[in-house]
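Residues per chain are reported as follows:
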Amino acid sequence: MKLYIETLGCAMNMRDSEHMIAELKTKEGYTLTEDAKEADLILINTCSVREKPERKLFSEIGQFALIKKPHAKIGICGCTASHMGEEIIKKAPSVNFVLGARNISKISEVIHRDKAVEVGVDYDDSTYVFDTAGNIGIKALLNISIGCDKRCAYCIVPHTRGKEISIPLDLILSEAEKLAQNGVKELMLLGQNVNNYGVRFSSNHKMINFAGLLREISKIEGIKRIRFTSPHPLHMDDEFLEEFASNPKICKCIHMPLQSGSSKILKSMRRGYTKEWYLNRVAKLKSLVPHVGIGTDIIVAFPGESEEDFAHTMDVLESVQFDTMYSFIYSPRPHTESYQWGKESIVSKEVASKRLAILQDKHKTILRDKAKKEIGHLHEVLIENIKHGEDSFSEGRSDTGKLIKIPQEVLKIGDIVNVQISQNEGGSLIGRCIK
Ligand code: 5AD
Ligand code: SF4
């Protein structure tokens, strides 16, 4: 039996796909295929955070229905499955089952129930989310919480993934130990608001916060590096920032989703912080870790965003000098607060596109300037990719999140080496090993 799976969206979805693949391999004997035409089961693990990919879903289902083997099943999983539920089967009768983001551990059950719809967000998936299907490399994703308690006015995720539940510490530690024994060196801890860890467990468990969790995981010898995504700026208290700075296993690269630089817009987004709080946290972070890599997400043209509000976003961009930026035009989503707002606050498409272009252009300039300053800098790189032969090279990421290529040196995957940047070729960094 062959499984074809397509994964859209964030790292949580990638992890959920890993889990489903593992379940289907061990319980149902499936093997993976890259060719949907030869699959017995086609899964699309969907994202619903913006409208466009959701619209594309139905034309995709139509295409799979045309090329699939006659008996092959189609399952729609993930966030769009959660929020559309049964409607998916009504709109696309070729779909055999719908499995929500909070229910992925039921995969081997729903494949046997035609027209099954499992989309409950009260279901507690928090102790099932670990299965990994063989072939673990040197990096692994590890869930530490599921769901989201925040009520950001634009965001559909609390609706699709339900209330936030932290996974018990002992489960996380035993899973991390297992991964380390299988050769994993770098862990990426996952959750919607990772640094809110400990807020609620599904049953009685020892209370521990995110800084405490980081301390416990870093005691595992084989784990050399720890990353996490996504933290929330609101929960970046001093204890967390100090742990981030002083724990040598924590990679010095952090995602700080800004969303907007305007305190007025942040308030209507219900983000819980102001421009000043955000800049204060960045200042503290940079004072503790001057070389820290900072990433962000920004939404432009949120309802009510004026030129002045947008100027505040540009101001934060200039002042923080983000190393990575994902930027989006606001997309109204059902089941969110801002979806209900009147038309008068909507920013026109033209203005929205213009603002996005200005933001992205500015960020490109920032990155170009930053890359120039990289020459001569030292980075600690975990080797993830090697190529033998004439154009041999080794390649990996610095702890600050930068992709660095080391030409003419074939190292071992999993090596951690010190690299000095010698060149910056069109934005990609080239370096040599320093003993
Ligand atoms: N419109 C545009 N972007 C959104 N995001 C979340 N919801 C929306 C929306 N309705 C963005 C945010 C978030 C990222 C994952 O997607 O920036 O951090
Ligand atoms: Fe991930 Fe959010 Fe998209 Fe769901 S809606 S896949 S949680 S980004």
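Residues numbered from 1 in each chain as written. Chains lettered and ligands numbered in written order. Predicted model: local features only at pLDDT ≥ 70, side-chain atom pairs only at ≥ 80, totals over all residues. Heavy atoms only, no water.

As far as domains go, the protein holds domain 1 (2-118), domain 2 (135-251), domain 3 (287-372) and domain 4 (378-433). Each of domain 2 and domain 4 has a C-alpha centre, and the two are 28 Å apart. Domain 2 puts eight residues into the contact, and the matching count from domain 4 is 12 residues. For the pair domain 2 and domain 4, the summed buried area comes to about 740 Å², and 57% of that belongs to carbon and sulfur atoms. (Domains from an automatic or database assignment. Contact = heavy atoms within 4.5 Å. Buried area = accessible area lost by both parts, 1.4 Å probe.)

Along the chain, the position of Gln181 falls in helix H7 (residues 169-181). C-alpha of Gln181 to C-alpha of Phe240: the two residues are 59 residues apart in sequence and 28 Å apart in space. (Helix = DSSP H or I, 4+ residues; strand = E, 2+ residues; numbered from the N terminus.)

Inspection of every chain in the model, using the stated rule, returns 32 salt bridges. Here Arg55 ties to Glu51 by a salt bridge, and the two come within 3.7 Å at their closest N and O atoms. Remark: Glu51 and Arg55 occur in helix H2 (residues 51-67); sequence separation between them is four residues, near one turn of the helix. The class for Arg55 is exposed, based on a relative accessible area of 56%. For Glu51, a relative accessible area of 34% translates into the label partly exposed. The closest approach of N and O atoms between Glu374 and Lys402, which form a salt bridge, is 3.9 Å. Placement of Glu374 in the loop between helix H13 (349-372) and strand E15 (378-387) and of Lys402 in the loop between strand E16 (393-398) and strand E17 (403-407) is noted, with a sequence separation of 28 residues between them. The buried category is assigned to Glu374, whose relative accessible area is 9%. On the basis of relative accessible area, Lys402 is assigned to the buried category, the value being 18%. (Salt bridge = Lys/Arg side-chain N within 4 Å of Asp/Glu carboxyl O. Buried < 20%, exposed > 50% of the residue type's maximum accessible area, 1.4 Å probe, protein only.)

Looking now at helix H11 (residues 275-288). The first and last C-alpha atoms of H11 sit 20 Å apart over 14 residues, in line with the 20 Å expected at 1.5 Å per residue. Residues of H11 that are buried in the fold lie against helix H9 (238-246), strand E12 (253-255), helix H10 (263-269), strand E13 (293-300) and helix H12 (307-320). (Expected span 1.5 Å × (residues − 1).)

Right, let's get into the site of ligand 1. The environment of ligand 1 is formed by Val49, Arg50, Tyr154, Gln259, Asp297, Ile299, Phe328, Ile329, Tyr330, Ser331 and Arg333. In the model, an oxygen atom of ligand 1 is placed 2.9 Å from a nitrogen or oxygen of the Arg50 side chain. At 3.0 Å from a nitrogen atom of ligand 1 is found a main-chain nitrogen or oxygen belonging to Tyr154. If ligand 1 stood free it would expose 400 Å²; the protein chains cover 85% of that surface. Broken down by secondary-structure element, the contributors of at least two residues to the shell around ligand 1 are E13 and strand E14 (324-329). The class makeup of the residues in the shell around ligand 1 is six nonpolar, two polar and three charged. (Near = heavy atom within 4 Å. Polar contact = N/O pair within 3.5 Å; in protein donor to acceptor, adjacent residues only side chain to side chain. Areas by Shrake-Rupley, 256 points an atom, 1.4 Å probe, with all protein chains shown as cover. Nonpolar A, V, L, I, M, F, W, Y, C, P; charged D, E, K, R; others polar.)

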